[in-house]
Amino acid sequence: MTIRRLRIGLRALVVPALLVACGDDSTSSDSATDSDSSATESSATDTTTTSDGSATASGTTTSDSGSASDSEGTSTTGDAETDSASGTSSTTTGDETTTTGDETTGPAMCEGPPAGYDGPADPECAAEPQIGMFNPVVEWKEDSYVVQPASTNVMMTPIVTSLTDDNDDGKIDGDDVPDIVYITYTPGVLRATSGDGSGTIFSVGAGEVASQSGVAAGDIDGDGVVELIAVGSASIHCYEHDGTKKWSYSGSSADIGSGYSTPSIADLDGDGVPEVISGRTILHADGTLRGKGTFGVGGSYGASSFAADLDNDGIQEVVVGNALYDPDGAAIWSNGQADGYPAIADFDLDGVPEIVVVSSGNVRLQDASGATLWTTPLPGNGGGGGPPTVADYDGDGVPEIGVAGRDVYAMFDDDGTLVWHNMTQDLSSGFTGSSVYDFEGDGVADVLYADETNLWVYSGIDGSVKLQFEAHNSNTAIEYPLVADLDADGQVEIVLGHNTTGGHGPEKGITVIGDVDASWRPGRPLWNQHAYSITNVNDDGTIPAMPAANWTLYNNFRSGDLSPPDGAAAPDLTVEATLCDLECHSETLLLWVHLGNVGASALTAGATLEVLAVKDGVEAALDEVMVADPLDPGQFAEALTFDVSAFTDADGFILRVSTPDEECDLANNELVIDGPFCA
């Protein structure tokens, strides 16, 4: 048995280069009559088998006085059965020879695979929130280095991007093994290492990058490969994907932000050439100054500004805590409030985003014009509060806000109501960030937060502890752990940094944590900046000229969760199949398999299809295929083709499908196709 990963859009077939003519899939039949052609010794019927034991015949072709025609289709009742299946199967049979004039074209042959099609969708399909078991394992650590070996501490958020051509296809993109980029200290060193833990790629920038600053990745010069942006002391530096220095900009810390600042990348005016942002400083892609603002920088303990098109005019604005800047740094508005860490989402679901800001121990919500909608204090013993995280924490279809303070992590509803909070330990800064991810695929976000002594994973519903990982210590700045597919294995991992500053423990460098049971949903192999939203960067690391509004597609911020923002609505994976035995005369039997989603929500975590043959009650695995493409509600994908010619003596075939997404119905994940075949 082989296990293969594929994207249906690439049309990866089990049997390449098949010539086909039988068959449409079981959802349609063509009608055609040709008076100049005749069919002899033929009888072809597509039969669809469903879980209720019925069979439908369509597209029947028979010979009649030397003429051939395709009918509209007829229905009959058969005794075919399926086992725990609501999927369908159909069989096309016959041994046709087609003659036109004096030319004989030969026996009919199978063509395909059949195209995808629209099917049913159940709007009531919903999943119950899951409290899954976390069984973490340290996949690898990196805490010793050849270059600058004394620089081992990490107090920043790593990023994930592709820097090397691992699959030797001549391109560096999302199909390669991702890489992790981060900064160690002291001195500050920019390091890159392979996401699978196979080794360091480069270590550069010693002494010029700030020890606890962030990094951003994106293709800013149009060469198809990402560049890396890091912040220094009153400076911004750009490096090529191999660590080569590209340019540096010198400015002021008041404009760029302090050494804890995190840069971001966006194509502000949609001209195809991105800009670089740090604090209220805006640079062209070549490192020259485009403009700078005069109000906030997007934080008080470092800066975390970013860009978004809040007014839907096709031009992105730079978002800070108390102002909105145009691409040249001019203030579109300022509201006189204290600066703070911003995030954006559509909290009232009207299609227009709001800005949530954490500042001076308070959380406030502002509309897109800067007007304050509500303000609420952080619970606990106070502290500034770190960069906010936005996601649907409780599965109600509306985003909530997560914020960490000095001794508390708190979740607020969209109206500012405190929903739950957990006591933590972050006396070092009180400005730590967090991220979220729906590990179970049940529409409920789980919180990832690291304080001075623990990595925590909380249930978004009530804050219950799902994971306490004690092999962590940090003196904390504005960093947070993140979730991405770090090694291209189809499973997400957690990456976080440690430092021995402050004496909280011995851990240093970075640690990558996976799940022993491989139960976590797949995720994106990319996380390109601290102020991350899914649509701000393409899968290949390029920066979109006109990015889709993240709040309309995912409605989250600092989250890698690709699930649609539809609360507890769930997908329902199913399978349908067609057997084509028109080529039995040449000992060829083909199986076409459609994966479909008949649920209420998009299936985003991919699917696994198992193909088995049954003989004398014994199952034999023939193939296993992992399909990465998402499936919208009611969508059936283009068929996968399997050559099962060697198994025509089987008593039947079994198709089983599964997905890491939480489904509303598992009864239709198996389809049984009974023999005999080519009889």
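Scope of this entry: the structure provided in the associated data block. (Residues numbered from 1 in each chain as written. Predicted model: local features only at pLDDT ≥ 70, side-chain atom pairs only at ≥ 80, totals over all residues. Heavy atoms only, no water.)

## As for the packing of aromatic side chains
Where two aromatic rings form a pair, the distance of their centres and the angle of their planes describe that pair. If you walk through the whole model with that rule in mind, you get 15 aromatic pairs. Look at Tyr117 and Phe636: their rings are 4.9 Å apart centre to centre, the planes differ by 5°, and that puts the pair in the stacked class. One end of the pair, Tyr117, is in strand β10 (residues 117-118); the other, Phe636, is in strand β47 (residues 635-636), and 519 residues separate them in sequence. Seen from their ring centres, Tyr260 and Tyr301 are 4.5 Å apart, and the 15° between their planes marks the pair as stacked. In this pair, Tyr260 is assigned in the loop between α1 (253-256) and β20 (264-266) and Tyr301 in the loop between β23 (289-292) and β24 (306-308), connecting sequence segments 41 residues apart. (Phe/Tyr/Trp six-rings, centres within 6.5 Å; stacked < 30°, edge-to-face > 60°. Helix = DSSP H or I, 4+ residues; strand = E, 2+ residues; numbered from the N terminus.)

## A look at the nonpolar core
Grouped together as the largest cluster of nonpolar side chains are 48 residues, with contacts concentrated most on Ile180, Val181, Leu190, Leu228, Ile229, Ile236 and Trp247. Listed in part, the 27 residues of the second largest apolar core include Leu573, Val575, Leu589 and Val625. (Core = buried A, V, L, I, M, F, W, Y, C linked by side-chain atoms within 4.5 Å. Buried < 20%, exposed > 50% of the residue type's maximum accessible area, 1.4 Å probe, protein only.)

## Considerations on the pattern of salt bridges
Side chains bearing opposite charge may pair, as long as their charged atoms lie close to each other. Across all of its chains, the model carries 16 salt bridges by this definition. For Asp255, the salt bridge is made with Arg280, and the minimal N-O distance between the two is 2.8 Å. Of this pair, Asp255 sits in helix α1 while Arg280 sits in the loop between β21 (275-278) and β22 (281-283), and the two are 25 residues apart along the sequence. Here Asp255 falls in the buried class, since its relative accessible area comes to 9%. Its relative accessible area of 15% is what places Arg280 among the buried residues. (Salt bridge = Lys/Arg side-chain N within 4 Å of Asp/Glu carboxyl O.)

## A word on the state of the cysteines
Evaluated as defined, the whole model comprises three disulfides. A sulfur-sulfur distance of 2.1 Å marks the disulfide that ties Cys110 to Cys580. An S-S torsion of about -95° defines the bridge between Cys110 and Cys580 as left-handed. With a gap of 470 residues between them, Cys110 in the loop between β9 (103-107) and β10 and Cys580 in strand β43 (residues 573-580) connect regions that are remote in the sequence. Under the relative-accessibility criterion, Cys580 is labelled buried at 0%. The disulfide that involves Cys584 links it to Cys678, with 1.7 Å between the sulfurs. Residues Cys584 and Cys678 share a disulfide whose torsion about the S-S bond is about -65°; that sign makes it left-handed. (Disulfide = S-S within 2.5 Å.)

## A look at the sheet that holds strand β25 (residues 317-319)
Strands sit in the order β24-β25-β26-β27 across an open sheet of four strands; the sheet is antiparallel. Since the sheet does not close on itself, it has two edges, and those belong to β24 and β27 (331-334), each with one partner. The mean inter-strand angle of the sheet, taken between neighbouring strand axes irrespective of direction, is 25°. Note that strand β26 (residues 323-325) and β27 share three bridges and pair antiparallel. Note on β27: the bridge partner recorded for Tyr325 is Ala331. (Pairing = 2+ DSSP bridges. Axes fitted to C-alpha atoms, helices over the stretch in contact; angles between N-to-C directions.)

## Concerning the environment of Asp623
Within the secondary structure, Asp623 sits in strand β46 (residues 618-627). Relative accessible area serves as the criterion here: at 6%, Asp623 is assigned to the buried category. In this structure the C-alpha to C-alpha distance between Asp623 and Glu610, which are 13 residues apart in sequence, comes to 6.0 Å.

So, to be careful, I would describe these as geometric facts and stop short of saying anything about function.
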